[in-house]
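Observations on the three-dimensional arrangement
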Amino acid sequence: MASHNPVDLAHKQVLDAMLIKLSGVEAGEMTGLLAYFVGKKMFACICNGGVGVRLAAAHAANLQFSMSSVVPFTPKGRPSNREWIQINHEDSADYEKDLEIFEASIAFVRASKG
């Protein structure tokens, strides 16, 4: 297992408490990132001191314009596709306010073919 920084671990503690109780959600790792899966497909991961979340491209774009805490997702410095955003909060507990975004991500990933 890769070693993770204290910020990532603090985020994981909050996200575990919030997400794992949702139907079908499992925690794990993918390419060294702490991640969350539904139906064996990743819908969120902890990276770059924030949380990457997969959504429909239009929803992702809207959030980037409407929320100052949302930026394009660049895992390990590499650009991602339009379906991924990153939510940045200094206080890990603030991710609890984003539950609707995580639920939308789970629904999107569950319905997606890829």
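Anything mentioned here points back to the structure above.
To start, this report covers the structure provided alongside it. Here the structure is a predicted model, which means the values were calculated and not measured.

**Observations concerning the pattern of salt bridges**
Taken as a whole and assessed by the stated rule, the structure comprises three salt bridges. Between Arg54 and Glu83 there is a salt bridge; the shortest N-O distance is 2.9 Å. With Arg54 in strand 4 (residues 50-54) and Glu83 in the loop between strand 5 (70-72) and strand 6 (84-87), the pair connects residues that are 29 residues apart, well separated along the chain. For Glu83, a relative accessible area of 22% translates into the label partly exposed.

**Details of helix 3 (residues 99-111)**
Helix length check: helix 3 (13 residues) gives 18 Å between terminal C-alpha atoms against 18 Å at 1.5 Å per residue, within 8%. Of all the residues in helix 3, the buried ones are Ile101, Phe102, Ser105, Ile106 and Val109. For helix 3, the angular spread of the buried residues around the axis is 140°, confining them to a single face. Counted as exposed and oriented over 90 degrees from the buried face of helix 3: Glu100 and Ala111.

**A short note on the pairing of strand 6**
Burial along strand 6 is two-sided: Trp84 and Gln86 facing one way and Ile85 and Ile87 facing the other are all buried. Of the strand pairs in this sheet, strand 5 and strand 6 are connected by three bridges, and their pairing is antiparallel. Across the sheet, residue Val71 finds its bridge partner in strand 6, namely Gln86.

**Looking at the nonpolar core**
Core analysis: the biggest nonpolar cluster contains 24 residues, and Leu15, Leu19, Phe43, Val51, Val53, Ile85 and Phe102 have the highest contact counts within it. Sorting the residues of this core by element identifies helix 1 (6-19), strand 2 (33-38), strand 3 (41-47), strand 4, helix 2 (57-66), strand 6 and helix 3 as the ones contributing at least two each. Listed in part, the eight residues of the second largest apolar core include Ala35, Met42, Cys45 and Phe73.

The rules behind the values
- Residues numbered from 1 in each chain as written.
- Predicted model: local features only at pLDDT ≥ 70, side-chain atom pairs only at ≥ 80, totals over all residues.
- Heavy atoms only, no water.
- Salt bridge = Lys/Arg side-chain N within 4 Å of Asp/Glu carboxyl O.
- Helix = DSSP H or I, 4+ residues; strand = E, 2+ residues; numbered from the N terminus.
- Buried < 20%, exposed > 50% of the residue type's maximum accessible area, 1.4 Å probe, protein only.
- Expected span 1.5 Å × (residues − 1).
- Arc of directions from axis to C-beta.
- Pairing = 2+ DSSP bridges.
- Core = buried A, V, L, I, M, F, W, Y, C linked by side-chain atoms within 4.5 Å.

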